[in-house]
Amino acid sequence: KEHLFCATGRTPVYLIWKSLNLFSRKLFVPDFFCKEVVDYWESKGIDIQFYIDDPRDSTPRFDSITASPGDAILVVDFFGIRNGYCWQQWIKENKDVMIIEDHTHDPISDWAKNSIADYSFSSLRKTLPVPDGAILYSPKKHKLLFDDLRKDETAANLKLSAMYLKKDFLIDNITSLKDVFRSLQVEGESLLGTSELLDVSSWTQDQLVNGYPLELRNKRKENIEYFNRLSVDLPVEN
């Protein structure tokens, strides 16, 4: 389907806001969400409001959403464990509210593939071995008329270098590399977080062109199931 690659997961929402000039509208975001990303959106002039959505619950607290027609709501599939059904009735009853879905934790879930949102995005660098990269698409087939992305691969190259050096550190036990790859990693991440509307790097785009490797998703699923088995007897603290 038609899609747009960019460097980071914080970019799609800002692109939507900037391209459609939604700065008079509100964006409702789960209160369980990355503060650094929320701060970035607010710094760009997006009016953020929060609603209650605890990943340990099966559904959000829909009574905490006070969106008006023309506003937008960020719907997040936390840890890739929901199926989206809990949102269907709310979306039907609030057709004038823009739906933006974040499928970062499982970009190829059934929910992501069968989405009915206005826009969906995933930060692919969180689940794939790439130094940067996010994807934006419109399940409702809205045109992606976004031409504001800037080409600068400095941050991605720093992180890619760190990834290769970390591999040597782990596999060959070259302990002297630890400080080197960490400094490259930190510098690259800092640049990604502060640079404006970056396009995806050429290296990452080459890796993504053949799709999402199913074996990586299967391995993540195995890891989650293993973690659940280990944690079943752990005490729960409120």
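In what follows, the structure referred to is the one given above.
About the criteria used
- Residues numbered from 1 in each chain as written.
- Predicted model: local features only at pLDDT ≥ 70, side-chain atom pairs only at ≥ 80, totals over all residues.
- Heavy atoms only, no water.
- Helix = DSSP H or I, 4+ residues; strand = E, 2+ residues; numbered from the N terminus.
- Rg over C-alpha atoms; globule rule 2.2 N^0.38 Å.
- Buried < 20%, exposed > 50% of the residue type's maximum accessible area, 1.4 Å probe, protein only.
- Contact = heavy atoms within 4.5 Å.
- Lys, Arg positive; Asp, Glu negative; His and termini not counted.
- Charge placed at Lys NZ, Arg CZ, Asp CG, Glu CD.
- Pairing = 2+ DSSP bridges.
- Axes fitted to C-alpha atoms, helices over the stretch in contact; angles between N-to-C directions.
- Core = buried A, V, L, I, M, F, W, Y, C linked by side-chain atoms within 4.5 Å.

J.: So, the overall build of the chain: which residues are in play, and what are the values?
T.: Helices and strands together make up the secondary structure of the chain, namely 8 helices and 7 strands. The C-alpha radius of gyration computed for the chain amounts to 19 Å, which stays within 12% of the reference 18 Å derived for 238 residues, consistent with globular compactness. Once the C-alpha set of the chain is aligned to its principal axes, its extents read approximately 60 × 50 × 35 Å. For the chain, the proportion of its 238 residues judged to be buried stands at 43%. Sequence separation of at least 24 residues holds for 62% of the intrachain contacts in the chain that already meet a minimum separation of 6. Computed over 30 positive and 37 negative side-chain charges, the separation of the two mean positions in the chain equals 2 Å.

J.: Lay out the environment of Phe169 with the relevant residues and their values.
T.: Note on placement: Phe169 falls in helix H5 (residues 154-172). For Phe169, a relative accessible area of 17% puts it in the buried group. Taking C-alpha positions, Phe169 is 8.8 Å from Phe181, a pair spaced 12 residues apart along the chain. With near-sequence residues (within four places) excluded, Phe169 lies in contact with Ile174, Thr175, Leu177, Lys178 and Phe181.

J.: Which residues make up the sheet that holds strand E6 (residues 119-122), and what values do they have?
T.: The 7 strands are arranged E1-E7-E6-E5-E4-E2-E3 in an open sheet whose pairing can be described as mixed. In this open sheet, the two edge strands, each paired with only one partner strand, are strand E1 (3-6) and strand E3 (47-51). Across this sheet, the average inter-strand angle for adjacent strands is 25°, counted without regard to direction. Sheet analysis places E1 next to strand E7 (residues 134-137), joined by 4 bridges and oriented antiparallel. The residue bridging Leu4 from the neighbouring strand is Leu136, located in E7.

J.: Requested: an account of the nonpolar core, with residues and values cited.
T.: Formed by 30 residues in total, the largest nonpolar core has its most connected members in Ile16, Leu27, Trp41, Leu74, Ile100 and Leu136. Of all elements in the fold, only E1, helix H1 (11-20), strand E2 (26-30), helix H2 (35-43), strand E4 (72-76), strand E5 (98-102), E6 and E7 reach the threshold of two or more residues within this core. The element contributing the most residues to this core is H1, with 5 residues. The contacts of Leu27, once residues within four sequence positions are left out, are Val13, Trp17, Trp41, Ile46, Asp47, Ile48, Gln49, Ala72, Ile73 and Leu74. Residues Ile65, Val75, Trp111 and Ala117 belong to the second largest nonpolar core, which totals 13 residues.

J.: An account of the environment of Asp233 is needed here, citing residue identities and associated values.
T.: Here Asp233 is to be found in the segment after helix H8 (214-231). Take Asp233: its relative accessible area is 71%, and that puts it in the exposed class. Taking the C-alpha atoms as reference, Asp233 lies 40 Å from Gln207; in sequence the two are 26 residues apart.

The analysis is restricted to geometry; functional conclusions fall outside its scope.
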